[in-house]
Amino acid sequence: MASDLVLPGQPIALPRGPVPQLGSGIYVRDNQVRASLVGIPRNEGSTLTITRVRPNPPAPNSVVLGSITRLSPLQALLSITVVDGVPLPPGEEFTGVIRTQDVRATEKDRVKIADCFRGGDVVRGVVVGSFTIELGTYAHAKARFP
């Protein structure tokens, strides 16, 4: 249990022994102890709490998961919702860019983004670079299809 990531609403198994007090990030519904945060359950003394997992911004070689939000002839914009297996809180998504030259290893000049992606497609990718501007962090990802 010490390293299991839980999502909001997910039931939490109580440790054996005396029933701990419920701390921050935990609530009871229908006689079931549940998480109210994305995080890792921890015992702090006699209190069970959830330590919030802070997602790291995408960095080179991070595996990201997201959905296509916008297409142009030269690139697809991606709303990144998971970075290295850690889901991002709602409203804190990162923006990724998939360029035509990142879609395929050969014949890069013949790639048409509209033939490869549609709005709403779910994409798993590996970040090849990132940069930060005033509006937030942007990731440049290469699409990887399992």
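Our subject is the structure listed above.
Owing to the predicted nature of the structure, the values given are computational and were not obtained by experimental measurement.

Observations regarding the overall build of the protein chain
Consideration 1: Helix and strand content of the protein chain: one helix and 11 strands.
Consideration 2: Element order for the protein chain, N to C, with α for helix and β for strand: β-β-β-β-β-β-β-β-β-α-β-β.
Consideration 3: Expressed as a percentage of the 146 residues in the protein chain, the buried residues total 34%.
Consideration 4: When contacts within the protein chain are restricted to residue pairs at least 6 apart in sequence, long-range pairs at least 24 apart make up 49% of them.
Consideration 5: Of the roughly 9,200 Å² that the protein chain leaves accessible, carbon and sulfur atoms contribute 51%.

With respect to the pairing of strand S6 (residues 63–71)
Side chains on a regular strand alternate between the two faces of the sheet.
Consideration 1: Pairing analysis gives seven bridges linking S6 to strand S7 (residues 75–83), with the strands arranged antiparallel. If you follow isoleucine 68 over to S7, its bridge partner there is leucine 78.
Consideration 2: Connecting S6 to the next strand, S7, in antiparallel fashion are three residues.

Considering a nonpolar patch on the surface
Consideration 1: A contiguous nonpolar patch, built from Leu14, Val19, Leu22 and Val28 and spanning about 350 Å² of accessible area, is present on the exposed surface.
Consideration 2: Looking at the secondary structure, you find valine 28 in strand S2 (residues 26–29).

Let's talk about the sheet that holds strand S4 (residues 39–44)
Consideration 1: Taken in spatial order, the three strands make up an open sheet running S1-S5-S4, and their pairing is mixed. One side of each edge strand has no neighbouring strand; the edge strands of this open sheet are strand S1 (21–22) and S4.
Consideration 2: With six bridges joining them, S4 and strand S5 (residues 47–52) adopt antiparallel strand pairing. Bridge pairing in S5 links isoleucine 40 to threonine 51.

Some words on the environment of leucine 5
Consideration 1: Looking at where leucine 5 falls in the secondary structure, it is placed in the segment before S1.
Consideration 2: We classify leucine 5 as partly exposed; its relative accessible area is 32%.
Consideration 3: In the structure, leucine 5 is positioned 35 residues away from isoleucine 40 in sequence and 4.9 Å away in space, judged by C-alpha atoms.

What to know about unusual backbone geometry
Consideration 1: With a phi close to 60°, asparagine 31 is a non-glycine residue in the positive phi region.
Consideration 2: Inspection of the secondary structure assignment puts asparagine 31 in the loop between S2 and strand S3 (32–35).
Consideration 3: A positive phi angle, close to 50°, is found at aspartate 84, a residue other than glycine.
Consideration 4: Structurally, the position occupied by aspartate 84 is in the loop between S7 and strand S8 (86–87).

Here's the deal with the side chain of arginine 34
Consideration 1: Tracing the chain through its elements places arginine 34 in strand S3.
Consideration 2: No salt bridge is formed by the buried arginine 34, whose closest oppositely charged neighbour, aspartate 30, lies at an N-O distance of 5.2 Å.
Consideration 3: In terms of polar contacts, arginine 34 uses its side chain to reach the backbone carbonyl oxygen of glycine 9, at 2.8 Å.
Consideration 4: Once residues lying within four places of it in the same chain are set aside, the contact partners of arginine 34 are Gly9, Gln10, Pro11, Ile12, Gly25, Ile26, Tyr27 and Arg29.

What counts, and where the lines are drawn
- Residues numbered from 1 in each chain as written.
- Predicted model: local features only at pLDDT ≥ 70, side-chain atom pairs only at ≥ 80, totals over all residues.
- Heavy atoms only, no water.
- Helix = DSSP H or I, 4+ residues; strand = E, 2+ residues; numbered from the N terminus.
- Buried < 20%, exposed > 50% of the residue type's maximum accessible area, 1.4 Å probe, protein only.
- Contact = heavy atoms within 4.5 Å.
- Areas by Shrake-Rupley, 256 points an atom, 1.4 Å probe, with all protein chains shown as cover.
- Pairing = 2+ DSSP bridges.
- Patch = residues over 30% accessible without salt bridge, like charges linked within 9 Å, V, L, I, M, F, W, Y side chains within 5 Å.
- Salt bridge = Lys/Arg side-chain N within 4 Å of Asp/Glu carboxyl O.
- Lys, Arg positive; Asp, Glu negative; His and termini not counted.
- Polar contact = N/O pair within 3.5 Å; in protein donor to acceptor, adjacent residues only side chain to side chain.

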